[in-house]
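Single-letter residue listing:
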2 protein chains.
Amino acid sequence: MTTTREECAALDAADPLAPFRAEFVLPEGLIYLDGNSLGVLPARTPERVRQVVEQEWGQQLIRSWNEAGWFAKPHTLGARVAPLLGAAAGQVVVCDTTSVNLFKVLAAALGLRPGRSTVLAERAAFPTDLYIAEGVSALAGGGARTELLDSADQLADRLGPDTAVVLLSLVDYRTGELLDLPAITRQVQAAGALMVWDVCHAVGALPIELDANGVDFAVGCTYKYLNSGPGSPAFLYVAERHLAAAEQPLSGWFGHAKPFDFEPGYRPVDGIGRFLTSSPSLLGQAALESSLEIWEQVDLAEVRAKSLALTELFIELVDPLAKYGVEVVTPRERARRGSQVALRHPDGYPVVQALIARGVVGDFRAPDLMRFGFTPLYLSYTEVWDAARQLAEVLESEEWREEQFGRRGEVT
Amino acid sequence: MTTTREECAALDAADPLAPFRAEFVLPEGLIYLDGNSLGVLPARTPERVRQVVEQEWGQQLIRSWNEAGWFAKPHTLGARVAPLLGAAAGQVVVCDTTSVNLFKVLAAALGLRPGRSTVLAERAAFPTDLYIAEGVSALAGGGARTELLDSADQLADRLGPDTAVVLLSLVDYRTGELLDLPAITRQVQAAGALMVWDVCHAVGALPIELDANGVDFAVGCTYKYLNSGPGSPAFLYVAERHLAAAEQPLSGWFGHAKPFDFEPGYRPVDGIGRFLTSSPSLLGQAALESSLEIWEQVDLAEVRAKSLALTELFIELVDPLAKYGVEVVTPRERARRGSQVALRHPDGYPVVQALIARGVVGDFRAPDLMRFGFTPLYLSYTEVWDAARQLAEVLESEEWREEQFGRRGEVT
């Protein structure tokens, strides 16, 4: 190992983001490298959730729809998520799940490109994105279809007059590869198609510039880098220029122009509100509200700088593990790397289990990827050093061969 | 007034459901007749939510997906809601919102009736149901359409070889009218169509017998009579006989046969799981979990008996208010009444506001309906008497004419 633990301690001492660590609950004895799956609990969140449960619900009851701003939450929270996406106000709402939001956005995008019927996506995308694309394609009038690419590099060959929409993940959930959002968006739009970005593995990990790059649509979740808890509500972004014409089929009353006129016919409200469907999940929103208070104090450029430093450090420290069959899958070029490092190992599953037994939490993705997520707000350089050291010990000792770690199974 | 307050006190003393009142947080000085909109907080819920936030999320983190049963929750909670619907296991899941679930169910139903393209619904249905029916109809291949009936009585005339689906609310959200589920279901199915019931205003208010009556599909929410909090997850029911062939377009990875094989193509899992889409809202589910602990101790026949007694008492007590222009809209026949009473008054809005100022919470639905919900688990006969008395005083005194109550506005 090149960088020493002492050097890591020095980096921690100089880290401008170090004070944020105190904002989070970090279980004793754990090095948590899975914040790319489920972010840790902010220390302030239990109190905010308690307040919504006991005060807003328990005491104020239905008055809270107006007095506690419940009706407006999808918008007010959307406006607070928007800066993390490089989005001006009025283009983001917080609601439903990423999959449900993707359904709305894809249906809307297909509707904006009549006469075109192909959705292009990467075969290695997070599968639910592909399943939803399949679902919306099958249902959309005119027989849309989803076509899978081996990689975004094939866009140049496959984009054509039939391409309605391109759906890509900004950061790959397995390899951690970061795509070139500005260039791909331009390329897709030059072919007359619309660009939908899934930013689940990017939001809160790096600055995203949707407006500046003229992105059409985006969706993402809040329970990874944004620390809003399991199943917290997702968000969607629609560029302002599409809002007048965009229509989505999950046309519930929250998207109606006059929801309290109780008209029998649907009339979408002007603006981003037409992408809402129904009652928001107030408890999940409370957790998001609370974690956004932290995010509003954060400089995303500092997050990105530390993220790159942490992943670079980890790669440097695990590179020598090639002798145990470990291969770094994540791109080494900074511009192509998100905030996680994926390592390939034929026995990745038991290796991850053995690491977890030592208190270092990463996860495994079939068939052979070990994923390690790096969350700059609550992870130290020293922890990264310790995690790499533990991984080296697991491999040196071959303790992963013990029967308790040996089953290949389903893991998150 | 015929029944005296003393007689109400005697009814309370003999009420077998009276002990349940202690299970709920009832704000001081409030008579809450809006449990049909948002049920009150169960006393045990804050602790359960705290546990999920601080322990399952905060300490166990991603391990909770397996160890705390997070993955299985849509099913385990569905199995616990099922008895409230008269449904055997394996036909109910808890997920998403009522609107989103209705979209899935309507799309599935249309898919099961190829060659038929009409969805029949009541013009006075809760509008979001109609909007969603519109949305799914517009998107469904083959050009389905939604046709609105003035009332379910028109079914006899309108059911025909083109009717694919009939969508009705078991209890009307405004009038509180209870439809004849067994007869209508038979009538619809005799015409070769499928029956979808929205049971939002019925579940937890009266026994529902979906299996016994061969209902095809149902959807409903958990934040009204089931006391699971604002925006708590909804549920859907699909009769077992449809599960093999039913397909729904919100085909996310939670509905996949092998979600952790990360296949690029969608293959729905066998059974009700195919109606799931994506990550459940764990905080909302925690609240449902907690309130179901109460519901599992409840005899729905006792709930129904008390519900009818409470609504009957209220109707008896407000009948003399006809002299102030109050008209009882809710059916007086027991078999046609849910658990709320709607009163028509040309100045319903300020009257409701004046009542709220006196601590009696009902709500208003345009243009002229005052709604009062009766929740047998936490409402006493004496409270109903007091509420009727307060309403009489508001009308006698004409205090609702005061400027502070006078604006017609948007209310929940």
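Throughout, residues of each chain are indexed from 1 in the direction in which the sequence is written. Chains and ligands are labelled by the order in which they are written, letters from A for the one and numbers from 1 for the other. In view of the model being predicted, local features appear only for residues whose pLDDT reaches at least 70, and side-chain atom pairs are presented and counted only at 80 or more, with totals across whole chains, interfaces and linings using the full set of residues. Water and hydrogen atoms play no part in the side-chain values, which are based on all heavy atoms of the structure.

A separate point is helix α4 (residues 73-81) of chain B. Residue and element names in this part refer to chain B. We call a residue buried when its accessible area falls under 20% of the maximum for its residue type, exposed when it is over 50%, and partly exposed in between, using a 1.4 Å probe and counting protein chains only. Numbering goes from the N terminus for both helices and strands, where a helix is a DSSP run of H or I of at least four residues and a strand is a run of E of at least two. Looking at α4, one finds that the buried residues are Lys-73, Pro-74, Leu-77, Gly-78 and Val-81. Down the axis, α4 shows its buried residues gathered within 125° of arc, on one side only. The contact definition used throughout considers only heavy atoms, calling two residues in contact when any of these lie within 4.5 Å. Its buried side turned inward, α4 meets α2 (45-57), β2 (92-94), β8 (235-238) and α10 (282-295). Summarising the geometry, the arc corresponds to the directions from the helix axis toward the C-beta atoms.

Count 3.6 residues to each turn of an α-helix, and residues three or four apart come out pointing the same way. Residues and elements named next belong to chain A. Counting buried residues along helix α11 (residues 348-357), 8 of its 10 residues qualify, which places the element largely inside the surrounding structure. Three or more residues of α11 are buried, namely Gly-348, Tyr-349, Pro-350, Val-351, Val-352, Gln-353, Ala-354 and Leu-355. The secondary structure elements touched by the buried residues of α11 are β11 (360-361), β12 (363-365), β13 (369-373) and α12 (381-397). With its phi angle positive at about 90°, Gly-359 sits one or two positions after the end of α11.

The subject of this paragraph is the interface of chain A and chain B. Taken residue by residue, the interface counts 78 residues in chain A and 78 residues in chain B. Buried area is understood as the total, over both parts, of accessible area removed when two parts are fitted together, assessed with a 1.4 Å probe. Summing both partners gives a buried area of about 6600 Å² for chain A against chain B, and 71% of it is carried by carbon and sulfur. Of all residues in chain A, A:Trp57, A:Ile62 and A:Tyr131 give up the largest surface area on contact with chain B, accounting jointly for 12% of the area buried on that side. When a carboxyl oxygen of Asp or Glu is within 4 Å of a side-chain nitrogen of Lys or Arg, the pair counts as a salt bridge. Counting across the interface, chain A meets chain B through 0 salt bridges. Any pair of nitrogen or oxygen atoms within 3.5 Å is treated as a polar contact; in protein, a donor-acceptor pairing is required on top of that, and neighbouring residues in sequence qualify only through side-chain atoms on both sides. The interface formed by chain A and chain B includes 16 residue pairs in polar contact (both at pLDDT 80 or more). Residue assignment for the side of chain A that touches chain B shows that the elements contributing at least two residues are α2 (45-57), α3 (64-67), α5 (98-112), α6 (127-139) and α9 (282-295) of chain A. In terms of residue count, α6(A) provides more of the side of chain A that touches chain B than any other element does, 9 residues in total. In this count, Pro and Cys sit with the nonpolar residues alongside Ala, Val, Leu, Ile, Met, Phe, Trp and Tyr, while Asp, Glu, Lys and Arg are called charged and the others, Gly among them, polar. Its residues assigned to classes, the side of chain A that touches chain B comprises 45 nonpolar, 25 polar and 8 charged.

What follows covers the relation of the copies chain A and chain B. Each of the two chain copies can be brought onto the other by rotation about an axis and movement along it. The copies are overlaid by a least-squares fit using only the C-alpha atoms of residues whose pLDDT is at least 70 in both copies. In screw terms, the move from chain A to chain B is a rotation of 180° and a rise of 0.0 Å along the axis, fitting with an RMSD of 0.0 Å. A rotation of that kind, with that shift, is consistent with a two-fold axis. In this assembly the copies share their binding face: 100% of the residues contributing to the interface of chain A also contribute to that of chain B.

We now examine the packing of helix α4 (residues 73-81) of chain A against α9(A). Residue and element names in this part refer to chain A. At their nearest, the axes of α4 and α9 sit 11 Å apart, and the two run at 30° to each other. In terms of axis orientation, α4 runs roughly parallel to α9. For the pair α4 and α9, the crossing hand works out as left-handed. Residues Lys-73, Pro-74, Leu-77, Arg-80 and Val-81 of α4 touch α9, and the partners they reach there are Leu-282, Gln-285, Leu-288, Glu-289, Leu-292 and Glu-293. Residue composition of the contact of α4 with α9, grouped by class: 6 nonpolar, 1 polar and 4 charged. For every element, the axis is a line fit to its C-alpha atoms; helices are fit only across the contacting stretch, and the angle between N-to-C directions ranges from 0 to 180 degrees. Each angle receives one of four descriptions, namely roughly parallel if under 35 degrees, roughly antiparallel if over 145, roughly perpendicular if within 65 to 115, and oblique otherwise. Note: crossing handedness is left-handed where the near helix turns anticlockwise from the far helix by less than a right angle, and right-handed where it turns clockwise.

Per the UniProt entry, the sites bearing "binding site: pyridoxal 5'-phosphate" (unreviewed entry) are A:Thr98, A:Ser99, A:Phe126, A:Pro127, A:Thr128, A:Asp129, A:Asp198, A:His201, A:Tyr223 and A:Trp253 in this numbering. With a sequence span of 156 residues, these residues are also far apart in the fold, their greatest C-alpha distance being 30.5 Å. Within the secondary structure layout, A:Phe126 lies in the loop between β3 (118-122) and α6. The residues contacting A:Phe126, other than those within four sequence positions of it, are A:Tyr173, B:Trp253 and B:Phe262. Examined against the element boundaries, A:His201 turns out to sit in the loop between β6 (194-198) and β7 (217-220). With sequence-adjacent residues up to four places away left out, A:His201 is seen in contact with A:Asn36, A:Val171, A:Tyr173, A:Lys224, A:Tyr225, A:Gln340 and A:Arg371. UniProt positions are given in the numbering used here, feature names are shortened, and annotations may be inferred rather than shown by experiment.

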